[in-house]
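Structural characterization, general
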Amino acid sequence: MGLHTAYGLSRIINARGPYTPLGVSRSGDGVAAAVAGALSEFFVMDELQGAADRALARFSGAEAGTVVHCTASAITLAVAAAMTGESPERIAALPDTTGMPGTVVLPAGHAVNYGHPLVQAVRLAGAVPVTVGTDAGFTREDLERGLARPGVACLLLVSSRLVRGTGTDLAEAVAVAHRRGVPVVVDGAAQDFRIGELLGTGADLVAVSGQKYLGSPTAGLVVGRTGLVAAVRAQERGIGRGMKASKEAVIGVLAALEARQERDMAGWRQRQADKVADFVERTGALRGVTASSVPDPTGLPFERARLLLDPAAAGMGAVALEEALRAGSPSIWALPGRHGTEELLFELVPLAPEEIDAVIVRLAELLPG
Ligand SMILES: *Cc1c(COP(=O)(O)O)cnc(C)c1O
């Protein structure tokens, strides 16, 4: 009996991408076997973390890396690291930041909400977030003004589909902060494919989620400068106690990094492109639908399928179609398009051929020709 039957749980087809409320991602067989093996073993956790730290540095090209519970905790711990360094007294004092630099500057459009407000992850360390610019964007001058305040611990930037507005590019923002001696933390949660590029901006710490495209159990991977990474790890004896990585998560990260390194990326990209092209061809024949493939807005190495609805011909708009797909069984979760448009997006990366077939059958039922 499967888990869904055993516990009376809804069956899902997740075409939304690595979406946390749906269990994020699917781990491959190698990761699943490694995690299962870890659960019944003891390890010297420092040794295990050490192995993961070295693997992360090799994988990313950064000086150092470490694993914490998730990216939300990585943000809190990176901010803590920027305030305390490796000082045991400061680490023990948090979230009381008396006598430490306690301001975290971030562009207003980067103050995203990934299930809770990112600024709350900052405040959890005891820091005070200060936004610069507006939701429409920020300029270099906005950044300069924000960073000129006294007691700035770090600049926090986000690389995500959730970011709003336009702004100085990340590398330029990093350079502005560095000229003032301020370290930069980048939240790149779903950007594990682009981890090298994010480090290439000059950022001091980059955090990505292990459980998004990498397919490990829930884990926050922090890579960057040796001293700051050590200061992140050191928070384990402070506010990071409740944010530590489990043995099975660390083993799962090791297995997931190996699987990624062994992956034939060109072949993988081709398979993703073929899946999307086939989906576009088959859904383009539905009434009132114009189907196309669109690049990932953050530059990830795969496309998504985009259905643009003509509500008069289709008999419903994108919002109604999204709800109808979700209301069925299995429940199909597509990604709502830009606000005020009639578009619906489908990310097919983790889906098996029979799941894609099921999506198309359901679409054909809802949009009869
Ligand atoms: C998913 C996400 C997070 C949180 O990641 P977790 O690993 O689930 O804590 C943070 N920031 C952004 C931009 C995200 O997309």
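Residues numbered from 1 in each chain as written. Predicted model: local features only at pLDDT ≥ 70, side-chain atom pairs only at ≥ 80, totals over all residues. Heavy atoms only, no water.

**Observations concerning the overall build of the chain**
Put simply, the rule reads: Helix and strand definitions here come from DSSP, where helices need a minimum of 4 consecutive H or I residues and strands a minimum of 2 consecutive E residues; each element is numbered from the N-terminal end. Our radius of gyration looks at C-alpha atoms and nothing else; its globule reference is 2.2 Å times the residue count to the power 0.38. Any residue under 20% of the maximum accessible area for its type is buried, any over 50% is exposed, and the rest in between are partly exposed; the area is computed with a 1.4 Å probe on protein chains only. Only heavy atoms matter for contacts: two residues are in contact if any of them lie within 4.5 Å across the pair. The method behind every accessible area is Shrake-Rupley, applied with a 1.4 Å probe, and residues are considered shielded solely by the protein chains displayed. Charged residues are defined narrowly, with Lys and Arg counted positive, Asp and Glu counted negative, and His plus the chain ends left uncounted. Just so you know, the charge point we use is NZ for Lys, CZ for Arg, CG for Asp and CD for Glu.
Counting secondary structure elements, the chain contains 15 helices and 15 strands. By the compact-globule yardstick of 21 Å for 369 residues, the chain fits well, its C-alpha radius of gyration being 22 Å. Within the chain, buried positions represent 52% of all 369 residues. Restricting to contacts in the chain with at least 6 residues of sequence separation, those with at least 24 account for 71%. When the accessible surface of the chain is summed, it comes to about 16,400 Å², and 54% of that surface belongs to carbon and sulfur atoms. Across the chain, the 34 positively charged side chains and the 39 negatively charged ones have centroids separated by 3 Å.

**Structural notes on unusual backbone geometry**
Residue Pro95 follows Leu94 across a cis peptide bond; omega there is 10°. Between Ser329 and the following residue, Pro330, the backbone shows a cis peptide bond with an omega angle of 0°. When you line up the elements, Pro330 lands in the loop between helix 14 (318–327) and strand 13 (331–333). Even without glycine at this site, Val24 takes up a positive phi of about 65°. With respect to the element layout, Val24 can be found in the loop between strand 1 (12–14) and helix 2 (29–39).

**Structural notes on the pairing of strand 8 (residues 184–187)**
Formally: Two strands pair under a simple rule: DSSP has to find at least two bridges between them.
Every second residue of strand 8 is oriented toward a common face, with Val184 and Val186 on one face and Val185 and Asp187 on the other, all of them buried. Pairing geometry for strand 8 and strand 9 (residues 205–209), over 3 bridges, is parallel. The residue bridging Val185 from the neighbouring strand is Leu205, located in strand 9.

**Describing the sheet that holds strand 12 (residues 303–309)**
Selection rule: Axis definition: a line fit to C-alpha positions, over the contact stretch in the case of helices; interaxial angles, taken between N-to-C directions, run 0 to 180 degrees.
If you walk across this open sheet you meet the 4 strands as 11-12-15-14, and the pairing is antiparallel. Of all strands in the sheet, those bounded by a partner on one side alone are strand 11 (289–295) and strand 14 (335–336). Examined bridge by bridge, strand 12 and strand 15 (residues 343–346) share 4 bridges and lie antiparallel to one another. Counterpart to Leu308 in the pairing with strand 15 is Glu343. On top of the sheet, helix 14 reaches strand 12, strand 14 and strand 15; it is set at about 40° to strand 15, its chief contact.

**Overview of the state of the cysteines**
To be explicit about the condition: Put simply, a disulfide is two cysteine sulfurs that come within 2.5 Å.
Scanning the model with the defined rule gives 0 disulfides in all. The closest cysteine sulfur to the non-disulfide-bonded Cys70 is located on Cys154, 17 Å from its own sulfur. You can call Cys154 buried: its relative accessible area is 0%.

**Re the environment of Leu56**
By the secondary structure assignment, Leu56 is in helix 3 (residues 45–60). Among the residues examined, Leu56 registers a relative accessible area of 0% and is labelled buried. When the C-alpha positions of Leu56 and Val223 are compared, they lie 7.1 Å apart, and in sequence the two are 167 residues distant. Those residues within four positions of Leu56 in sequence are excluded, and the remaining contacts are Gly61, Gly65, Thr66, Val67, Leu221, Val223 and Leu257.

**Some words on the packing of helix 7 (residues 140–147) against helix 8 (residues 170–179)**
What counts, and what does not: Angles below 35 degrees are treated as roughly parallel, those above 145 as roughly antiparallel, those between 65 and 115 as roughly perpendicular, and all remaining angles as oblique. Left-handed describes a crossing whose near helix is turned anticlockwise from the far helix through less than a right angle; right-handed describes the clockwise counterpart. The residue classification treats Ala, Val, Leu, Ile, Met, Phe, Trp, Tyr, Cys and Pro as nonpolar and Asp, Glu, Lys and Arg as charged. All others, Gly included, are polar.
The interhelical angle for the contact between helix 7 and helix 8, taken along N-to-C directions, is 30°, at an axis separation of 10 Å. Considered as vectors, helix 7 and helix 8 are oriented roughly parallel to each other. Of the two elements, helix 7 crosses helix 8, and the hand of that crossing is right-handed. Contacts between helix 7 and helix 8 involve Arg140, Leu143, Glu144 and Leu147 from the first element and Glu172, Ala173, Val176, Ala177 and Arg179 from the second. The residue inventory of the contact of helix 7 with helix 8, partitioned by class, reads 5 nonpolar, no polar and 4 charged.

**Observations regarding a nonpolar patch on the surface**
This is how the line gets drawn: Each patch is built from residues that are more than 30% exposed by relative accessible area and take part in no salt bridge. Like charges join if they lie within 9 Å; nonpolar side chains (Val, Leu, Ile, Met, Phe, Trp, Tyr) join within 5 Å. Here, a salt bridge means any Lys or Arg side-chain nitrogen found within 4 Å of an Asp or Glu carboxyl oxygen.
On the surface, a cluster of nonpolar side chains totalling about 380 Å² of accessible area is made up of Leu3, Tyr7 and Leu9. Relative to the assigned elements, Leu3 resides in helix 1 (residues 3–7).

**Notes on the domain arrangement of the chain**
A common way to state how big an interface is: give the accessible area lost once the parts meet. Counted only if it meets this: Just so you know, the domain bounds were taken from an automatic or database domain assignment. By definition, the buried area sums, over both parts, the 1.4 Å-probe accessible area that each loses when the two are put together.
Here the chain is described as being made up of domain 1 (3–22 + 264–366) and domain 2 (42–262). Summarising the inter-unit geometry, the C-alpha centres of domain 1 and domain 2 are found 31 Å apart. With 14 residues of domain 1 at the interface, the matching set in domain 2 holds 9 residues. Between domain 1 and domain 2 lies a buried interface of about 970 Å² when both sides are counted; carbon and sulfur atoms form 65% of it. Looking at the side of domain 1 facing domain 2, the largest losses of area belong to Pro18, Thr298 and Leu300, adding up to 52% of the total buried there. Arg161 is paired through a salt bridge with Asp296; the nearest N and O atoms lie 2.6 Å apart. Its residues assigned to classes, the side of domain 1 that touches domain 2 comprises 7 nonpolar, 3 polar and 4 charged.

**Details of the site of the ligand**
Defined as follows: Any residue with a heavy atom lying within 4 Å of a molecule or strand is counted as near it. Distance and chemistry together define a polar contact, namely a pair of N or O atoms within 3.5 Å, with one atom able to donate a hydrogen and the other to accept it when in protein, and with adjacent residues in sequence counting only for side-chain atoms on both sides.
Residues in contact with the ligand, as listed here, are Cys70, Thr71, Ala72, Tyr114, Ser160, Asp187, Ala189, Ser209, Gln211 and Lys212. Here an oxygen atom of the ligand sits 2.9 Å away from a polar atom, N or O, in the main chain of Thr71. Within the side chain of Ser209, a nitrogen or oxygen atom sits 2.8 Å from an oxygen atom of the ligand. Its residues assigned to classes, the shell around the ligand shows 4 nonpolar, 4 polar and 2 charged.

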